[in-house]
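# Observations on the three-dimensional arrangement
Residue strings, one per chain:
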2 protein chains.
Amino acid sequence: MNTKNFTKAVPMEKIRVRDSFWSRYMEVVRTSMIPYQWKALNDKVEGAAPSYCIHNFRVAAGLEKGEHGGYVFQDSDLAKWIEAASYSLIHHPDPALEKDLDDVIELIGKAQQPDGYLDTYYIIRGLDQRFTNLLNNHELYCCGHMLEAAIAFYRATGKRSLLDIMLRFVDLIDSTFGPEENKKHGYPGHEEIELALMKLYRITKDPKHLRLAKYFIDERGQSPNYFEEENKGRNFYWANSYFKFQYYQAGKPLREQIAAEGHAVRAMYLYSGAADVAKETADDGLYQTLCTLWKNTTGRQMYITGSVGASDYGESFSYDYDLPNDTVYGETCAAIGLAFWAHRMLEIEPRGEYADVLEKVLYNGSISGMQLDGTRFFYVNPLEVIPEASKKAYVYSHVKPQRQKWFGCACCPPNLARLITSLPEYAYGVRDKTVFAHLYLGGTVDLRGEGIPACLEVETGYPWNGNVRMTVHTDEAADWQLALRIPGWCGKYALSVNGETAAAELTDGYAFISREFRDGDIIELELDMPVEKMQANPRVREDIGRVAVMRGPVVYCVEEADNGGQLARIRLTDAPFTVDYEPDLLSGIAVIRTQGEYLEGDWGEDLYRKAEAGKWISKELTLIPYYAWANRQEGEMRVWMRN
Amino acid sequence: MNTKNFTKAVPMEKIRVRDSFWSRYMEVVRTSMIPYQWKALNDKVEGAAPSYCIHNFRVAAGLEKGEHGGYVFQDSDLAKWIEAASYSLIHHPDPALEKDLDDVIELIGKAQQPDGYLDTYYIIRGLDQRFTNLLNNHELYCCGHMLEAAIAFYRATGKRSLLDIMLRFVDLIDSTFGPEENKKHGYPGHEEIELALMKLYRITKDPKHLRLAKYFIDERGQSPNYFEEENKGRNFYWANSYFKFQYYQAGKPLREQIAAEGHAVRAMYLYSGAADVAKETADDGLYQTLCTLWKNTTGRQMYITGSVGASDYGESFSYDYDLPNDTVYGETCAAIGLAFWAHRMLEIEPRGEYADVLEKVLYNGSISGMQLDGTRFFYVNPLEVIPEASKKAYVYSHVKPQRQKWFGCACCPPNLARLITSLPEYAYGVRDKTVFAHLYLGGTVDLRGEGIPACLEVETGYPWNGNVRMTVHTDEAADWQLALRIPGWCGKYALSVNGETAAAELTDGYAFISREFRDGDIIELELDMPVEKMQANPRVREDIGRVAVMRGPVVYCVEEADNGGQLARIRLTDAPFTVDYEPDLLSGIAVIRTQGEYLEGDWGEDLYRKAEAGKWISKELTLIPYYAWANRQEGEMRVWMRN
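About the thresholds
Residues numbered from 1 in each chain as written. Chains lettered and ligands numbered in written order. Predicted model: local features only at pLDDT ≥ 70, side-chain atom pairs only at ≥ 80, totals over all residues. Heavy atoms only, no water. Helix = DSSP H or I, 4+ residues; strand = E, 2+ residues; numbered from the N terminus. Rg over C-alpha atoms; globule rule 2.2 N^0.38 Å. Contact = heavy atoms within 4.5 Å. Areas by Shrake-Rupley, 256 points an atom, 1.4 Å probe, with all protein chains shown as cover. Lys, Arg positive; Asp, Glu negative; His and termini not counted. Charge placed at Lys NZ, Arg CZ, Asp CG, Glu CD. Least-squares fit on C-alpha atoms with pLDDT ≥ 70 in both. Expected span 1.5 Å × (residues − 1). Phe/Tyr/Trp six-rings, centres within 6.5 Å; stacked < 30°, edge-to-face > 60°. Lys NZ or Arg CZ within 6 Å of the ring centre and 35° of its normal. Buried area = accessible area lost by both parts, 1.4 Å probe. Salt bridge = Lys/Arg side-chain N within 4 Å of Asp/Glu carboxyl O. Polar contact = N/O pair within 3.5 Å; in protein donor to acceptor, adjacent residues only side chain to side chain. Pairing = 2+ DSSP bridges. Domains from an automatic or database assignment.

This part takes up the overall build of chain A. Regarding its fold elements, chain A presents 19 helices and 24 strands. Here the C-alpha radius of gyration of chain A, 25 Å, is about what a compact globule of 643 residues would show, namely 26 Å. Principal-axis analysis of the C-alpha atoms gives chain A an extent of 75 × 75 × 50 Å. Sequence separation of at least 24 residues holds for 71% of the intrachain contacts in chain A that already meet a minimum separation of 6. Entry remark: accessible area of chain A is about 22,100 Å², with carbon and sulfur atoms responsible for 46%. Here chain A contributes 71 positively and 92 negatively charged side chains, and the mean placements of these two sets differ by 2 Å.

Under the fitted operation, chain A is carried onto chain B by 0.1 Å of movement along the axis and a turn of 180 degrees, and the coordinates agree to an RMSD of 0.1 Å. Such values leave the two copies arranged in the relation of a two-fold axis. Identified as the residue of chain A closest to the rotation axis by C-alpha distance is Val-395 of chain A, at 3.9 Å. Looking at the interface residues of chain A, 100% of them are also at the interface in chain B, so both copies use one shared face.

This paragraph deals with helix H12 (residues 264–280) of chain B. When the terminal C-alpha atoms of H12 of chain B are compared, their 25 Å separation across 17 residues agrees well with the 24 Å that a helix rising 1.5 Å per residue should span. The first or second residue beyond H12 of chain B is Ala-282 of chain B, which carries a positive phi of 50 degrees.

A few words now on the packing of aromatic side chains. Under the definition given, this model contains 91 aromatic pairs over all chains. Ring centres 6.4 Å apart and planes at 65 degrees place the aromatic pair Tyr-242 of chain A and Tyr-394 of chain B in the edge-to-face group. Residue Tyr-242 of chain A is found in the loop between helix H12 (237–240) and helix H13 (264–280), and its partner Tyr-394 of chain B is found in the loop between helix H16 (387–392) and helix H17 (412–421); the two belong to separate chains. Plain terms: the ring middles of Phe-21 of chain B and Trp-22 of chain B are 5.0 Å apart, the flat faces sit at 80 degrees to each other, and that makes the pair edge-to-face. Among the aromatic side chains, those forming a connected cluster through ring pairs are Tyr-187, Tyr-226, Phe-227, Tyr-237, Trp-238, Tyr-242, Phe-243, Phe-245, Tyr-247, Tyr-248 and Tyr-313 of chain A together with Tyr-394 of chain B. Just above the ring of Trp-616 of chain A sits the side chain of Arg-571 of chain A; from NZ or CZ to the centre is 4.0 Å.

What follows covers the interface of chain A and chain B. Facing 61 residues of chain A, the contacting portion of chain B comprises 61 residues. Buried area between chain A and chain B, both sides added, is near 5,200 Å², and the carbon and sulfur share of it is 58%. The partner of Arg-300 of chain A in a salt bridge is Glu-605 of chain B, with the nearest N and O atoms 3.3 Å apart. The interface formed by chain A and chain B holds 25 residue pairs in polar contact (both at pLDDT 80 or more) in total. Mapped by element, the contributors of at least two residues to the side of chain A that touches chain B are helix H14 (284–300), helix H17 (387–392), strand S15 (531–536) and strand S21 (608–610) of chain A. The element that contributes the greatest number of residues to the side of chain A that touches chain B is S15 of chain A, accounting for 5 residues. In the sheet, S21 of chain A pairs with strand S15 (residues 531–536) of chain B via 3 bridges, with the strands oriented antiparallel.

Right, let's talk about unusual backbone geometry for a bit. In this model, Tyr-462 of chain A is joined to Pro-463 of chain A through a cis peptide bond whose omega is -5 degrees. Of note, Pro-463 of chain A is situated in the loop between strand S7 (455–460) and strand S8 (467–473). Note that the residue after Ser-223 of chain B, namely Pro-224 of chain B, is joined by a cis bond; omega there is -10 degrees. Along the polypeptide, Pro-224 of chain B turns up in the loop between helix H9 (207–219) and helix H10 (226–230). Phi is positive for Leu-586 of chain B, which is not a glycine, with a value near 50 degrees. Residue position: Leu-586 of chain B is located in the loop between strand S19 (577–582) and strand S20 (589–599).

Below, the discussion takes up the environment of Leu-482 of chain B. All names here are of chain B. Within the element layout of this structure, Leu-482 appears in strand S9 (residues 478–485). Taking the C-alpha atoms as reference points, Leu-482 and Phe-153, separated by 329 residues in sequence, lie 31 Å from one another. Apart from residues no more than four positions distant in its own chain, Leu-482 is found in contact with Val-435, Leu-456, Met-470, Ala-511, Phe-512, Ile-513, Phe-517 and Ile-523.

This part is about the sheet that holds strand S12 (residues 505–507) of chain A. The 6 strands are arranged S1-S4-S5-S9-S13-S12 (chain A) in an open sheet whose pairing can be described as mixed. If you trace the sheet from one side to the other, it starts and ends with strand S1 (8–9) and S12 of chain A, each paired once.

This part takes up the sheet that holds strand S5 (residues 434–437) of chain B. All names here are of chain B. With mixed pairing, the 6 strands of this open sheet are ordered in space as S1-S4-S5-S9-S13-S12. The open sheet has two free edges, formed respectively by strand S1 (8–9) and strand S12 (505–507), since each of these has just one partner strand. Here 3 bridges tie S12 to strand S13 (residues 510–517), and the two strands are oriented antiparallel to one another. If you follow Glu-505 over to S13, its bridge partner there is Phe-512.

Attention now moves to the domain arrangement of chain A. All names here are of chain A. Under the domain assignment, chain A is made up of domain 1 (3–226 + 241–426), domain 2 (428–527) and domain 3 (542–642). For domain 1 and domain 3, the distance between their C-alpha centroids amounts to 35 Å. Listed as interface residues are 29 residues of domain 1 and, on the opposing side, 24 residues of domain 3. Between domain 1 and domain 3, the buried area comes to about 2,400 Å², and carbon and sulfur atoms account for 55% of it.

Below, the structure is given as structure tokens:
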């Protein structure tokens with residue numbers, strides 16, 4: 001691990017987004033998802049399952065009588081909402097929203113116990129049981145989310161209200177957990193606080209925050225197993241399933257793990273927190289562990305859409321190369337977690353492969369989890385859907401053919417909200433005098449706070465075309481370096497500065513331009529973006545003889561709305577693809593069309609027959625971006641097509 | 001429904017089996033399975049899960065103290081064993097076995113209550129609760145199996161001991177259930193007694209036995225729903241699942257049902273009992289319902305192996321054309337149930353399609369459930385197995401790559417034993433002066449009790465070749481008719497009588513030879529039996545682009561033992577097949593070999609790449625009969641191959 005490689009994200013406060021793709025999403029979050037989710041948290045959405053979230057805090061604060069409602073981790077829904085709303089304030093000041101935030105933070109403060117404890121489940125149901133069921137009861141997880149919320153609110157407003165509340169809770173946790181003999185040697189059943197503590201540490205620089213995060217990561221899975229001791233006599237499902245404690249990534253110490261296993265969201269959050277610790281402590285051993293896990297996750301267990309966690313059972317990873325398209329889970333939150341992790345790996349080493357995965361997740365397996373208008377959501381992100389199968393056959397019943405309004409377990413919607421509102425922070429990294437463009441995002445970025453005396457103005461039609469134009473605005477000509485990511489999907493590109501072809505060194509997926517940049521310099525990148533048929537490693541048995549279609553970072557699919565039903569009978573041919581940007585279709589997409597074929601044959605009532613050559617008839621096929629599926633009528637969808 | 005079409009099976013007492021295929025199976029059952037299962041029922045098999053079966057009867061009889069052990073339907077394991085052992089006595093007298101049967105029947109008699117009640121679960125746990133949970137507690141199911149056992153024992157020995165016991169129990173049931181106001185309007189949660197009562201009726205000719213069977217069938221699913229009333233306030237899983245009462249085929253009256261739904265074994269037993277009732281009451285409406293259900297079951301929901309019940313969830317039918325090969329259930333008992341049903345349909349109308357399904361089940365999806373030596377058994381009969389997937393991925397975890405010794409729920413092993421020992425009874429049917437050969441089974445059949453003054457001696461190499469030679473032995477030349485089944489899989493055949501080509505009328509899958517048969521007449525049938533590639537209706541999405549290989553009635557598969565692993569990478573070509581009978585391999589099989597191809601490509605750590613033409617290298621493939629898979633080392637197996 002070369003600490004000289006470390007980059008630091010350019011904070012979103014320095015970025016203005018005016019992007020043809022993401023600006024719309026950010027507006028949807030701001031104008032639709034954040035207000036809607038606020039209503040949901042307040043149980044004011046008619047017909048939706050009650051959240052009980054605000055209710056729980058009011059009961060915990062003594063302002064209302066009642067029981068705790070919802071899941072044991074219900075507090076985290078509010079936390080993720082505060083985080084998303086705070087990021088939104090950064091981009092779009094909104095006094096009414098800030099007032100709601102102030103009020104709810106005041107409520108949170110009232111619910112906090114004198115010693116700092118803050119979890120409505122135990123405050124309402126009995127504090128004597130707190131910290132006795134780390135395995136499944138999510139106190140540390142909820143704390144982690146509320147910490148992230150506190151930091152986001154502090155960044156957005158400068159107000160320490162929620163931060164101070166959470167510092168008191170962290171102090172209590174720090175005095176409860178640790179290697180010392182008088183402390184519990186526990187760690188969370190659902191990871192999350194590790195990465196949150198690292199965010200906190202980067203603000204407070206208080207070594208105890210780093211130490212606690214590191215402790216949670218290093219203690220995890222050590223012998224004797226804390227969870228085993230904690231749960232003797234209890235009958236916990238996952239711990240007694242064939243996962244055992246590896247469902248919680250706690251079957252053995254993290255540094256001994258070589259494959260992504262167990263609950264996928266948990267794994268992604270753990271690896272993200274571990275990456276932060278590896279970076280801050282320059283722990284190469286830990287980074288090497290993460291590299292091994294990265295290789296396994298993205299090289300053997302990731303769908304082409306960036307979804308991870310193939311198994312419905314336990315929302316978990318399956319095993320190497322087991323990537324069924326129809327019984328997949330691919331939770332939205334797990335894809336988001338992979339984006340978190342990819343970004344952190346990128347901060348340790350700016351390698352194109354990390355950014356490629358980040359981009360893949362952002363344009364595919366994460367936003368596929370939301371309706372284009374932000375009103376409905378998927379938990380599960382399948383690559384093959386047959387509505388009749390989902391309704392009639394149990395093995396596919398977790399695969400929903402339509403997004404749902406709001407879940408009892410509502411982890412995914414606010415997770416999408418915070419991902420999208422914080423998206424600008426994924427775009428740029430700085431290392432000394434080098435700025436890395438990881439993503440191509442229209443708008444401006446002010447690099448002056450990062451030691452580079454310039455602002456960049458970016459115009460791009462990404463992801464519908466690969467043209468990126470950057471204009472330098474600066475008061476002083478200066479030597480610095482621009483590292484432009486050349487995506488892994490891109491086989492050919494052209495790079496120019498002020499109209500002249502630039503000689504750029506390509507290293508680890510980035511083209512480096514070093515020069516004295518002056519005001520008005522124009523850097524132009526043209527990424528060739530043909531339609532590509534992709535194939536999977538033949539160890540992925542489900543995809544043999546099939547191809548997926550991509551253009552740039554966007555994975556495409558066929559949908560019944562365009563192509564009729566029984567999509568398994570469709571195949572691609574060698575016919576060329578045409579690409580048309582259609583601004584009015586599905587909020588504006590590049591549509592791909594081609595001449596494919598359909599397996600004819602009316603078999604009447606026959607089920608089996610002697611084999612004959614199939615009669616394939618010509619059929620025009622229309623492909624749309626995968627993320628945009630299920631935004632019209634209910635119907636079949638398929639990513640991997642016969643070829 | 002034309003009652004003139006009705007046929008009657010030639011009873012197994014009149015058939016001597018000397019068959020190159022089935023004699024070995026019958027010997028395995030007699031010498032291995034029946035003794036082994038007797039030990040298992042007596043809890044004397046070391047290392048196997050205890051059965052508690054005999055224990056339960058001893059406790060119920062007051063001979064032992066103790067609790068009821070095993071499932072609520074544990075008595076049925078003993079019943080199926082008695083039935084199988086009795087059939088075996090018919091073919092092979094065995095005083096020691098008969099003594100065991102006498103003794104255990106005496107024990108059963110001691111357990112019977114003064115009013116005739118006989119179910120060890122309720123006798124031990126409290127008679128006050130009897131008949132209060134028909135939905136799930138299997139009393140009528142167990143009674144049905146014990147009735148079948150009683151009839152088999154009576155047929156084998158002429159002894160009425162068990163029959164009289166069961167007649168008393170049937171009388172009690174008859175006085176408890178029925179349309180009269182003072183009776184319960186219930187019916188079994190697991191069908192079986194219906195077909196058993198019909199077997200009883202054919203012996204007793206007592207109309208109350210027919211009436212009771214018909215009542216159970218007609219009352220099923222009527223409104224108000226008996227199960228709903230019975231279980232108010234109880235929380236029964238399947239009734240509350242998305243199946244509702246249709247899991248028990250009781251969501252609506254049978255005559256309104258148009259598709260096979262719910263638990264597959266239950267459905268098969270119900271349809272079998274209903275076919276008996278339809279025939280005995282000449283109820284065309286009921287037969288038409290069964291024809292509709294037959295078309296659905298065998299035309300849309302049956303694997304090419306004859307397995308039915310695609311879904312692990314509830315061991316149930318899925319929906320039309322949903323026939324996944326890897327997540328399949330295909331319970332051995334459900335295939336056996338389909339054989340029962342097919343045989344009964346055949347007795348209503350001798351149509352080749354019924355016999356084709358019967359034969360398909362017998363040579364494939366039923367006996368695949370047992371190890372060749374009869375010591376291990378499958379519940380689940382998959383068409384695609386990857387041991388690593390079964391062990392690591394929950395969605396395939398019900399698919400075992402190796403047969404198991406004995407199950408806690410041991411329904412399948414004794415069901416196979418009774419199927420195989422009663423197999424001769426499936427071979428012939430008689431209608432007036434016509435004898436139908438449904439199956440080709442080496443040995444002799446004495447038709448004199450059926451009104452045809454002859455015995456037939458049959459020699460055949462079936463299923464390894466299609467040559468059948470029948471010799472007539474008779475004291476009197478007489479006019480009668482021989483109807484030889486021409487299997488649906490057979491495209492070409494030659495038929496001769498005494499060496500001269502016979503002109504035979506082919507109707508509904510049978511070739512009819514009418515003549516004055518004399519002693520020594522020789523009828524020769526040569527069924528052309530090439531290796532055939534089969535394809536599935538393209539609505540079966542799992543099988544598009546794939547073929548299965550059959551020869552005669554036998555479905556073949558590729559196994560890792562012969563072909564190495566990663567069988568998904570194999571494909572067939574247009575290369576010819578060779579067939580070799582190998583007497584020492586897998587108890588004697590015809591092996592098929594061909595030149596196929598294997599998808600090369602070492603992708604290193606890559607997971608996705610731009611598509612290129614696949615590099616298929618030549619590979620010799622060896623195919624073995626599907627039923628014989630998993631008799632060597634553990635490994636992959638696949639029926640549907642790319643083509």
